[in-house]
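What follows is the residue order along each chain.
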Amino acid sequence: MAKVAFLGLGVMGYPMAGHLKAKGHDVTVYNRSPEKAQKWVAQHAGVYAPTPAQAAEGQEIVFCCVGNDDDLRSVTTGEGGAFAAMGKGTVFVDHTTASANVARELDAAATAAGFGFIDAPVSGGQAGAENGVLTVMCGGDPAVYAKVEPVIASFARMCRLMGPAGSGQLTKMVNQICIAGLVQGLSEGVHFAKRAGLDVEAMLEVISKGAAGSWQMENRGKTMNADKFDFGFAVDWMRKDLGIVLDEARNNGARLPVTALVDQFYADVQKLGGGRWDTSSLLKRLEP
């Protein structure tokens with residue numbers, strides 16, 4: 001069992017930290033709004049720290065899941081940040097979906113200070129976090145990764161080192177590219193089926209067992225048909241992620257015409273007031 005801290009108790013971090021505690025790890029938590037951290041402590045009997053540095057002090061592993069690059073810099077190298085309190089040989093594991101550049105930047109800072117850094121964005125959404133079955137894509141040094149992989153298993157069903165620092169974030173970008181295209185295709189399929197007068201649920205049951213089948217179809221097809229869009233990963237978050245993807249594509253020369261188009265479709269959903277709807281709400285822009 002390890003002594004760990006968890007920074008950031010949002011819809012993902014809150015249950016992830018809970019799984020760490022449930023597996024017997026000694027968990028200290030920090031959250032920007034103290035009320036949520038105190039609620040977590042009351043539920044899980046862990047320890048609350050008022051700053052990232054105080055949460056990180058004396059820990060073997062510090063986990064983090066915050067909003068974006070700026071939030072990540074704030075809790076790591078900002079005032080009261082965790083990096084100032086990290087001991088030699090410890091490891092910082094970042095589950096934020098952020099840029100590959102910030103991952104490389106923080107890896108260099110950690111290495112210079114004598115501790116390890118792993119960028120480890122996740123896929124699986126709120127349900128995956130709550131059920132402890134996330135997919136974790138990691139970047140960093142293999143020896144450092146080996147220290148944390150068994151602990152990450154507390155909330156993951158799949159965890160893999162993809163390469164050096166930044167590789168986890170790059171893999172997550174591919175994940176979001178693939179999701180964007182799939183959800184748009186599924187939205188158009190459901191919309192077409194409705195216009196054609198098909199029984200949409202029967203249609204989904206049939207084609208989900210063939211080559212068109214996907215996680216999105218199995219988990220979101222029926223809810224899309226029922227006009228329900230409150231199942232986890234929000235449009236606002238997806239636009240943030242796709243912004244990271246498109247920035248990286250401009251740097252590496254990748255051509256992503258469909259991803260860029262779907263990003264603009266999500267902008268349309270935001271204009272409809274759907275920034276907090278889940279990503280399957282692309283269907284809403286096709287229907288009156």
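Residues numbered from 1 in each chain as written. Predicted model: local features only at pLDDT ≥ 70, side-chain atom pairs only at ≥ 80, totals over all residues. Heavy atoms only, no water.

### What about the UniProt feature "domain: 6-phosphogluconate dehydrogenase NADP-binding" (unreviewed entry) in the chain?
What counts here: UniProt positions are given in the numbering used here, feature names are shortened, and annotations may be inferred rather than shown by experiment. Under the scheme used here, helices are H or I runs from DSSP no shorter than 4 residues and strands are E runs no shorter than 2 residues, and both carry numbers assigned from the N terminus.
UniProt records the feature "domain: 6-phosphogluconate dehydrogenase NADP-binding" (unreviewed entry) at residues 3-163, using the numbering of this structure. Between the C-alpha atoms that bound residues 3-163 there is a distance of 26 Å. The span itself is 41% helix and 25% strand.

### Describing the packing of helix α11 (residues 235-252) against helix α12 (residues 257-271)
Selection rule: Fitted lines through C-alpha atoms serve as axes, helices being fitted only where they are in contact, and the angles separating the N-to-C directions of these axes extend from 0 to 180 degrees. Each angle gets one of four labels, with under 35 degrees taken as roughly parallel, over 145 as roughly antiparallel, 65 to 115 as roughly perpendicular, and the rest as oblique. Throughout, a crossing is termed right-handed when the near helix is turned clockwise from the far one, and left-handed when it is turned anticlockwise from it by less than a right angle. Residue contacts follow a heavy-atom distance rule, with two residues in contact if any of their heavy atoms lie within 4.5 Å. Just so you know the grouping, Ala, Val, Leu, Ile, Met, Phe, Trp, Tyr, Cys and Pro go in nonpolar, Asp, Glu, Lys and Arg go in charged, and all remaining residues, Gly too, go in polar.
At a minimum axis distance of 10 Å, the contact between α11 and α12 shows a crossing angle of 150 degrees. Here α12 runs roughly antiparallel to α11, going by the angle between their axes. For the element pair α11 and α12, the recorded crossing hand is left-handed. Contact with α11, carried on its side by V235, D236, M238, R239, L242, V245 and L246, involves T259, A260, D263, Q264, Y266, A267, V269 and Q270 of α12 and no other residues of that element. Across the contact of α11 with α12, the residue classes tally to nine nonpolar, three polar and three charged.

### Brief notes about the packing of helix α1 (residues 13-22) against helix α2 (residues 34-44)
Interaxial distance between α1 and α2 falls to 11 Å at its minimum, and their mutual angle equals 30 degrees. Classified by the interaxial angle, the pair formed by α1 and α2 is roughly parallel. Crossing geometry of α1 relative to α2 is assigned as right-handed. Contacts from Y14, A17, G18 and K21 in α1 reach K36, K39, W40, Q43 and H44 in α2. Here the residues of the contact of α1 with α2 are counted per class, giving three nonpolar, three polar and three charged.

### A closer look at the nonpolar core
To keep things clear, this is the line we draw: Throughout, nonpolar core names a set of buried Ala, Val, Leu, Ile, Met, Phe, Trp, Tyr and Cys residues whose side chains join them through atoms within 4.5 Å. To sort residues, take the accessible area from a 1.4 Å probe on protein chains only and compare it with the maximum for the residue type: under 20% means buried, over 50% means exposed, and anything in between is partly exposed.
The biggest cluster of nonpolar side chains holds 33 residues, and the ones touching the most others in it are F6, F63, V93, I118 and I152. Examining the composition of this core, we find that five residues originate from one element, helix α7 (residues 142-152), more than from any other. Beyond its immediate chain neighbours, meaning those up to four positions away, V93 contacts I61, V62, F63, C64, I118, A120, V148 and I152. Counting 21 residues, the second largest nonpolar core, distinct from the first, contains A49, V62, C64 and M86.

### Details of unusual backbone geometry
Non-glycine residue A45 carries a positive phi angle of around 65 degrees. Tracing the sequence through the fold places A45 in the loop between α2 and β3 (47-48). In the Ramachandran plot, D227 falls in the positive-phi region, its phi being about 60 degrees despite a non-glycine side chain. For D227, the position within the fold is in the loop between α10 (215-225) and α11. What makes D227 partly exposed here is its relative accessible area of 45%.

### What to know about the UniProt feature "domain: 3-hydroxyisobutyrate dehydrogenase-like NAD-binding" (unreviewed entry) in the chain
Residues annotated in UniProt with the feature "domain: 3-hydroxyisobutyrate dehydrogenase-like NAD-binding" (unreviewed entry) correspond here to residues 166-285. For residues 166-285, the helix share is 68%, the strand share is 0%, and the end-to-end C-alpha distance is 34 Å.

### Regarding the pattern of salt bridges
Opposite charge on two side chains permits pairing when their charged atoms draw close. As a reminder of what qualifies: One speaks of a salt bridge when a side-chain nitrogen belonging to Lys or Arg is within 4 Å of a carboxyl oxygen belonging to Asp or Glu.
A full pass over the atoms with the stated rule returns nine salt bridges. Its salt-bridge partner being E287, residue K194 comes within 3.4 Å of it at the nearest N-O pair. Of the two residues, K194 is situated in helix α8 (residues 167-195) and E287 in the segment after α12; the sequence distance between them amounts to 93 residues. One salt bridge connects K284 with D227, and the closest N-O pair in it is separated by 3.2 Å. Here the residue K284 occupies a position in the segment after α12, and D227 occupies one in the loop between α10 and α11, the gap between them amounting to 57 residues.

### A few points about the pairing of strand β8 (residues 134-139)
Heads up, the condition is: If DSSP finds at least two bridges between two strands, the strands pair.
Across the six residues of β8, five count as buried, placing the element largely inside the fold. Here two bridges tie strand β7 (residues 122-123) to β8, and the two strands are oriented antiparallel to one another. Residue pairing for β8: S123 is matched across the bridge by T135. When β8 meets strand β9 (residues 156-163), the two strands line up parallel, connected through six bridges. Paired with C138 across the two strands is L161, which belongs to β9.

### What to know about the environment of L182
Take L182: it is sitting in helix α8. When its relative accessible area of 43% is taken as the criterion, L182 is described as partly exposed. Taking the C-alpha atoms as reference points, L182 and M217, separated by 35 residues in sequence, lie 8.7 Å from one another.

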